[in-house]
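Descriptive structure summary
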Amino acid sequence: MTASRQLHIKFFAVLREQAGVSTLAVTTSARTPTELYAELVATRGLTLPAALLRVAINDRYTTMDTPLSPGDRVVFIPPVAGG
Amino acid sequence: MFELTGQPIDSTALRARLARPDAGACVVFEGWVRNHHAGKPVSRLEYEAFDELARFEGEAITSEAEQEHPGCTVLCVHRTGSLGIGELAVWIGVVSPHRHAAFLACRQVIEEIKRRLPVWKKEHHSGNLAEWVNCTTESVAGRLAPENYYARQASLPEVGAAGQARLAEASVLVVGAGGLGCPAALYLATSGVGRLTLADAGKVEVSNLHRQILFTADDVGAAKATVAAARLRAQNPLVKIEAHASDVTPANVRALVTGRTAVLDCTDNFATRFLLHDACRSAGVPLVSAAVYRFEGELNVFRPDAPGCLHCLWSGRAPGELEAVANCAGAPVFGPAVGVLGVLQAAETLKLILDLVPPRNPPATRLVNLLDLSTQAIERPADPACPVCGNPVSAPPQRTDLPDSAPVVLTAEQLAALGPVRIVALLEPGETLDASTAPAAAMALPMGDLVSVRELAAQGGPLVLTCRHGLRSAALARLFRAEGFRRIYSLGGG
Ligand SMILES: [Zn+2]
């Protein structure tokens, strides 16, 4: 059974530009960051490969297959190297 | 070149000795004997040098200037003996293809001569009074009293005289004299970090000037590390500033990093970041790393003694792949964003030296956004299976999307079929090379010495890693395979 859950998403760096917003509240049936990112690729036109991102849930880095819970704060962080 | 002479200095003859057809500039400094000093009239001077030492030190000063300002030829002559008012006490001439380098080198030589040359002068005042003055008190550094320079900082209860002494004993390497490195190095120098080395192989470009605040329009075309070092010496002559105007490589990284109190990663690429990280980890030096994308930046402090490293963060992703999405040369950047992040790097470094990091602060990536002025800490848990800082219980699966997907883990038969190979046994602390667990041909390296592994892998030819249980060697071999080293293997393992 797939319940939908409300999540708060934050984008960093190039992902923020691609998404066009820095924060986003979504109601989604995605169960993991991998599924959530796939949805965002479809709806917001994100282009970075998921394998090159890091994700944080509730201010802590975690893996892309961690189960999402309602109310989670999700941050997608791409590699950054400008100096 | 440096000379001491008891004869009057003939500046015309000296200038002729510097003539060079490719020289477009000659900058000359002449130090004259004047008729007053510190409010007292002076009738003549007597210079006395510690001869051997003065020649040695003078030669060191002029050759340092020639090395740091490529293209410059330096000649410096210092008088000894009795001199009348208006006579030449010291003459410095610098020729160079371009004037900017000549001005910088000339200024550097006179300041270093004043600071370091073992020369004393006896001032004869009108009347019969005479006194010996050590010339080093006349350098800019000699005129600045540290207790005045650092007064407003040392009076912080968190710093104090003890903290200021710790800063003076600290040695910090800043890699990258760009948008991050300029402000970071500026604050480290003015705060009194005793020894500061700037490493950057680049030259100043016009498009750097909007954010790389140590450089002026005159510096375009000059070596960044050299110009930045000269600028910082002028900012604080009380600290020792060194320039390393070439790349940081696997061959030189250990020498640059070892013995430092901290290293700052102000680079713009993942390859150097990984190299610095690994070298710092094995040398036991904290790495303060930052990176910027347009209006946003991130800050990480990697402590060598704590789990949670750069590999935990980006494990299995090759620097080249990360680079491709992280940055491209000429990318847009908001000047104050690199400024803020560079200053944060300096602050974190000073806090490390002064022991002001709050206890039990979990390692975190600090994200900073200059558009909405938000900052966010992302806690950075260690990956328990990290091949570098953790304990791999099973090696991560081999990636199949890489150009060479030959097996990483070899059996003894596959090893024999490989032909001549170099075998490296990775040893835990206290472990010795043991014929029962490592092949006879193996050379030994400490487990943490990723810099040497990287160096050996880069030499080409098959490289086989082993370790007691084969797990860490397999995990490390996969990590290096993902970085693009195609001929690295592990003997046995998960
Ligand atoms: Zn790690």
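This section reports on the structure supplied with the text. (Residues numbered from 1 in each chain as written. Chains lettered and ligands numbered in written order. Predicted model: local features only at pLDDT ≥ 70, side-chain atom pairs only at ≥ 80, totals over all residues. Heavy atoms only, no water.)

Residues and elements named next belong to chain B. For the zinc ion, the full set of protein donor atoms is Cys309 (SG), Cys312 (SG), Cys386 (SG) and Cys389 (SG), and the range of their distances to it is 2.2 to 2.3 Å. Taken together, the 4 donor atoms coordinating the zinc ion and their angles of 91 to 122 degrees define a geometry best described as tetrahedral. In the primary sequence, the donor residues of the zinc ion line up as C-x2-C-x73-C-x2-C. With respect to class, Cys386 is no different from Cys389; both count as buried. (Donors = N, O, S within 2.8 Å, 3.2 Å for Na, K, Ca; no water. Tetrahedral: all angles 85-135°; square planar, octahedral: opposite > 155°, others 65-115°. Buried < 20%, exposed > 50% of the residue type's maximum accessible area, 1.4 Å probe, protein only.)

Moving on to a nonpolar patch on the surface. Together, Phe50, Leu53 and Trp120 of chain B make up an exposed nonpolar region whose accessible area comes to about 290 Å². Looking at Phe50 of chain B, the relative accessible area reads 47%, which means it is partly exposed. (Patch = residues over 30% accessible without salt bridge, like charges linked within 9 Å, V, L, I, M, F, W, Y side chains within 5 Å. Areas by Shrake-Rupley, 256 points an atom, 1.4 Å probe, with all protein chains shown as cover. Salt bridge = Lys/Arg side-chain N within 4 Å of Asp/Glu carboxyl O.)

Residues and elements named next belong to chain B. Scanning the model with the defined rule gives 6 aromatic pairs over all chains in all. Chaining the aromatic ring pairs together yields one cluster made of Phe270, Phe274 and Trp314. For Arg273, the ring lying beneath its charged end belongs to Phe270, and the centroid distance is 5.1 Å. Over the face of the ring belonging to Tyr489 we find Arg481, whose NZ or CZ atom lies 5.2 Å from the ring centre. (Phe/Tyr/Trp six-rings, centres within 6.5 Å; stacked < 30°, edge-to-face > 60°. Lys NZ or Arg CZ within 6 Å of the ring centre and 35° of its normal.)

Turning our attention to the packing of helix 7 (residues 160-169) of chain B against helix 14 (residues 335-354) of chain B. All names here are of chain B. Between helix 7 and helix 14, the least distance of the axes is 9 Å, while the angle of their chain directions is 110 degrees. Judged by the angle between their axes, helix 7 and helix 14 are roughly perpendicular. Crossing handedness for the pair helix 7 and helix 14: right-handed. Of the residues in helix 14, those in contact with Gly163, Arg166 and Leu167 of helix 7 are Leu350, Ile353 and Leu354. Taken together, the residues that form the contact of helix 7 with helix 14 break down as 4 nonpolar, 1 polar and 1 charged. (Axes fitted to C-alpha atoms, helices over the stretch in contact; angles between N-to-C directions. Helix = DSSP H or I, 4+ residues; strand = E, 2+ residues; numbered from the N terminus. Parallel < 35°, antiparallel > 145°, perpendicular 65-115°, else oblique. Left-handed = near helix turned anticlockwise from the far one by under 90°. Contact = heavy atoms within 4.5 Å. Nonpolar A, V, L, I, M, F, W, Y, C, P; charged D, E, K, R; others polar.)

Think of a sheet as strands paired side by side through backbone hydrogen bonds, with each pair either parallel or antiparallel. Residue and element names in this part refer to chain B. Across the sheet, 5 strands lie side by side as 19-23-22-20-21; this open sheet has parallel pairing. Strand pairing shows two members of the sheet lacking a second neighbour, strand 19 (409-410) and strand 21 (443-446), which therefore form its edges. In this structure, strand 22 (residues 463-466) lies alongside strand 23 (residues 488-491), joined through 3 bridges in parallel fashion. When the bridges of strand 23 are listed, Leu465 appears paired with Ser490. Strands strand 19, strand 20 (422-427), strand 22 and strand 23 of the sheet are contacted by helix 17 (residues 471-483), whose axis makes an angle of about 170 degrees with strand 23. (Pairing = 2+ DSSP bridges.)

Strands sit in the order 2-1-5-3-4 (chain A) across an open sheet of 5 strands; the sheet is mixed. A single partner strand is all that each edge strand has here, and the edge strands are strand 2 (23-28) and strand 4 (61-62) of chain A.

In a soluble, globular protein the nonpolar side chains are often hidden away together inside. Counting residues in each nonpolar core, the largest one holds 58 residues, and the members touching the most others are Phe11, Leu36 and Phe76 of chain A together with Val257 and Val263 of chain B. Among the elements that take part in this core, helix 11 (residues 270-283) of chain B stands out by supplying 6 residues, more than any other. If we ignore the near neighbours within four places in the chain, the residues touching Phe11 of chain A are Arg16, Ala19, Val21, Ser22, Leu24, Leu40, Leu46 and Phe76 of chain A together with Glu296 of chain B. Core analysis: the next-biggest nonpolar cluster, separate from the first, contains 42 residues, Leu188, Leu198, Phe215 and Ile241 of chain B among them. (Core = buried A, V, L, I, M, F, W, Y, C linked by side-chain atoms within 4.5 Å.)

The subject of this paragraph is the environment of Arg73 of chain A. By secondary structure assignment, the location of Arg73 of chain A is in strand 5 (residues 73-77). Distance in space between the C-alpha atoms of Arg73 of chain A and Asp59 of chain A is 7.5 Å, their sequence separation being 14 residues.

All names here are of chain B. Along the chain, the position of Arg116 falls in helix 3 (residues 99-116). On the accessibility criterion, Arg116 (22% relative accessible area) is partly exposed. Separated by 121 residues in sequence, Arg116 and Pro237 have C-alpha atoms that sit 12 Å apart. Within the local environment of Arg116, its side chain forms a polar contact with the side chain of Glu64, the two groups lying 3.0 Å apart. (Polar contact = N/O pair within 3.5 Å; in protein donor to acceptor, adjacent residues only side chain to side chain.)

Between chain B and chain A, the residue contacts involve 40 residues of the former and 26 residues of the latter. Three residues stand out in chain B for area buried against chain A, namely Tyr293, Glu296 and Val325 of chain B, and they jointly supply 22% of the buried area on that side. Summed over the shared surface of chain B and chain A, the result is 3 salt bridges. The partner of Glu296 of chain B in a salt bridge is Arg16 of chain A, with the nearest N and O atoms 2.7 Å apart. Where chain B meets chain A, there are 18 residue pairs in polar contact (both at pLDDT 80 or more). Put simply, the parts of the chain that give the side of chain B that touches chain A at least two residues each are helix 11, strand 15 (287-293), strand 16 (296-302), helix 12 (310-314), helix 13 (319-326), strand 17 (364-369) and strand 18 (374-379) of chain B. Split by residue class, the side of chain B that touches chain A holds 19 nonpolar, 10 polar and 11 charged. (Buried area = accessible area lost by both parts, 1.4 Å probe.)

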